[in-house]
Structure formats: C-alpha cells, structure tokens
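# Geometric and topological summary
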Amino acid sequence: MTKTRINTLCASALLLMAISCGKQEGGPAGRVSFSLATEEEVTDVVTRSSVGSFTTMPQAADFTVTVTGQDGQPTPVTDLGGTLSLAAGNYTARATYGSSTDEGFGKPYFLGETAFSVNGGSQTSVTIPVKLGNCLVKMEYSDNFRNYYSDWTFTLRTGQGNSFNFGSDETRAVFIDAYTFTISGTLTNQGGKVQTFAAKEYRNLSAATCYTMRFDASNVGGGSITISFNDSVTDVALGEFDLND
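Cut-off values and rules
In this numbering scheme, every chain counts its residues from 1 along its sequence in written order. Thresholds applied to this predicted model are a pLDDT of at least 70 for local features of residues and 80 or more for the giving and counting of side-chain atom pairs; totals over whole chains, interfaces and linings are not thresholded and use all residues. Neither water nor hydrogens contribute to the side-chain values; these are computed over all heavy atoms in the structure. We count a stretch as a helix when DSSP gives it H or I for four or more residues in a row; a strand needs E for two or more, and each element gets its number in order from the N terminus. Partly exposed describes any residue whose relative accessible area lies between the buried limit of under 20% and the exposed limit of over 50%, with all areas from a 1.4 Å probe on protein chains only and scaled to the type maximum. A contact between two residues is defined here by any heavy atoms of the two lying within 4.5 Å. Surface accessibility follows the Shrake-Rupley procedure with a 1.4 Å probe radius. Residue values consider only the protein chains on display as shielding. Aromatic rings from Phe, Tyr and Trp, with only the six-membered ring used for Trp, were paired whenever their centres fell within 6.5 Å, and each pair was classed as stacked if the ring planes differed by under 30 degrees, edge-to-face if by over 60, and tilted otherwise. pLDDT measures the predictor's confidence residue by residue and takes values from 0 up to 100. Any two strands with at least two DSSP bridges between them are considered paired.

Quick look at the overall build of the protein now. A tally of helices and strands in the protein yields two helices and 20 strands. Burial analysis of the protein (245 residues in total) assigns 38% to the buried set. A separation threshold of at least 6 residues defines the contact pool for the protein, and within that pool the share at least 24 residues apart is 63%. Accessible surface, the protein as shown: approximately 13,200 Å² in total, 47% of it carbon and sulfur.

Given below as structure tokens:
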C-alpha cells in the first residue's frame, strides 16, 4: 500500500471519529436554554374548566427542572432564564411541580418531559410541555337538593387513604391522585331528620380531568338521593342515623 493511500485512510478515520464524538455525549459542549409551556385546561364533560379556576397557577420558577443524559444522572436546571452547558449528545428534560401523593385543596401536580439533542458548539432552545398530573373532584347540588336538605357533609376518601370533607358551604375542588375514590355522606333535612349513605366507589380516573359529582333529591319521601358522576347516574339509598354508632 502506498504512503499516499495510508495517509488518506488515516485522515478518513480521524474525520469519522470526529463526527462520532460530535454525536455522543462527551463531545464539544453546547449551550441550552429551557422554558415551560404549561397546559392549563382540563377535560370536563360538564363545562369548560381550567386549573386556574380552582387554584393559583405555579410560576416557572416554582418547578423542579432536571436534565438527564445517557448516564442516567439528572442535572438540575437552577436558572430557567439562563443557559446550561452540556456535552454533545441526547438528553431528556423533565419538569415537575407538587406530587401525585400530596392531595388536597389547592394542591395541583404538574409534570412533563421532552427529549432533545445537543450538537457541539451550538445554541439550543428547549420547551418542556407540562400538564396536570392529578385530577380534580368538585361537588354540585340541584335546587331540589338544597331545598330538601338544610345541611350535609360528604366525605371523599382517596386511594392514597386521604379524606376530605365537603360541607354545605364548601365550593372548592380537591386535587387527588388520578386513581380511585369513595364518597359517603351525612344529610340533615329541613325537619331535622339525619340520614346517611355508605361509601360508593368510583374508579378509573384520568389525569388532567375535572370530575363533577352532582347531588339531587329526586323523591319526596327522602329515602334516596341521586348522584350524577359525569355521564353516569346512581340512585343511592339513605339510612337512618343511629346516635349509638
């Protein structure tokens, strides 16, 4: 093989190595800036809803943002207004706010992630889409219900084991893990008679969804109430309240 041929092969090999390094992490660094695109609207079969109708929306600075490369080690992004130096390669950016297990009034959980690549010496802008990771449950009451009952307390118990009470003056929606919950209640009619109903279970909840439970006193006798849960309707029998329980 001639010397010229050997030199040509060596040059080609070096070029391929340079291209390869530029595609893998550990190559020349690039600068990356990050921003968030927060989806505020939630699915609601009853009416159009947004998270901001039920709680104060978090600001970008309230989110925890991390970047993870092929080594699996997350790097925190502490300044969304600045840039981060990253070696050339493939990454995933993740943003979170709150926690799916931290349920309650005014406790939304947001999350989102996106994949991106860095080329050596380049400037890259990455937008992370985030949306609600838990769901909301709110209560509504028909005029018949309000006219028949003077007071009530409904207890919502989640699959995480947390309980939240909805009294006659509670208008807020509760943020819960998108999994399952039960509802039980104690009601007092205009004549002072106290009645209860046992826990009813609702499953297969979806994230980024606002669920509405609507209560109606459909029969004059007061032996049951009707619960509408989005597009399903259930007649629930009421029992007498036992002071010895």
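Picking up after the structure, the text goes on.
Bringing the packing of aromatic side chains into the picture now. With the rule as written, the count across this model stands at 21 aromatic pairs. An angle of 5° between the planes, with centres 4.0 Å apart, marks the rings of F154 and F215 as stacked. Remark: F215 occurs in strand β17 (residues 210-216) and F154 occurs in strand β12 (residues 149-158); sequence separation between them is 61 residues. Classification of F215 as buried rests on a relative accessible area of 0%.

So, on to the confidence of the model for the protein. In this model, the protein carries a mean pLDDT of 87, and residues with pLDDT of at least 70 account for 86%. In the predicted structure, residues 1-25 sits below a pLDDT of 50 and forms 18 contacts with residues beyond four places in sequence or in another chain.

Our next topic: the sheet that holds β17. Across a sheet, strands are paired by hydrogen bonds formed along the backbone, either parallel or antiparallel in direction. The mixed open sheet is built from six strands, whose spatial order is β8-β14-β11-β17-β18-β19. Looking at the sheet topology across the chains shown, the edges are occupied by β8 (104-105) and β19 (232-237). By the bridge criterion, three bridges tie strand β11 (residues 135-141) to strand β14 (residues 174-176) in an arrangement that is antiparallel. Each residue of the ladder has a partner; that of V137, found in β14, is V174.

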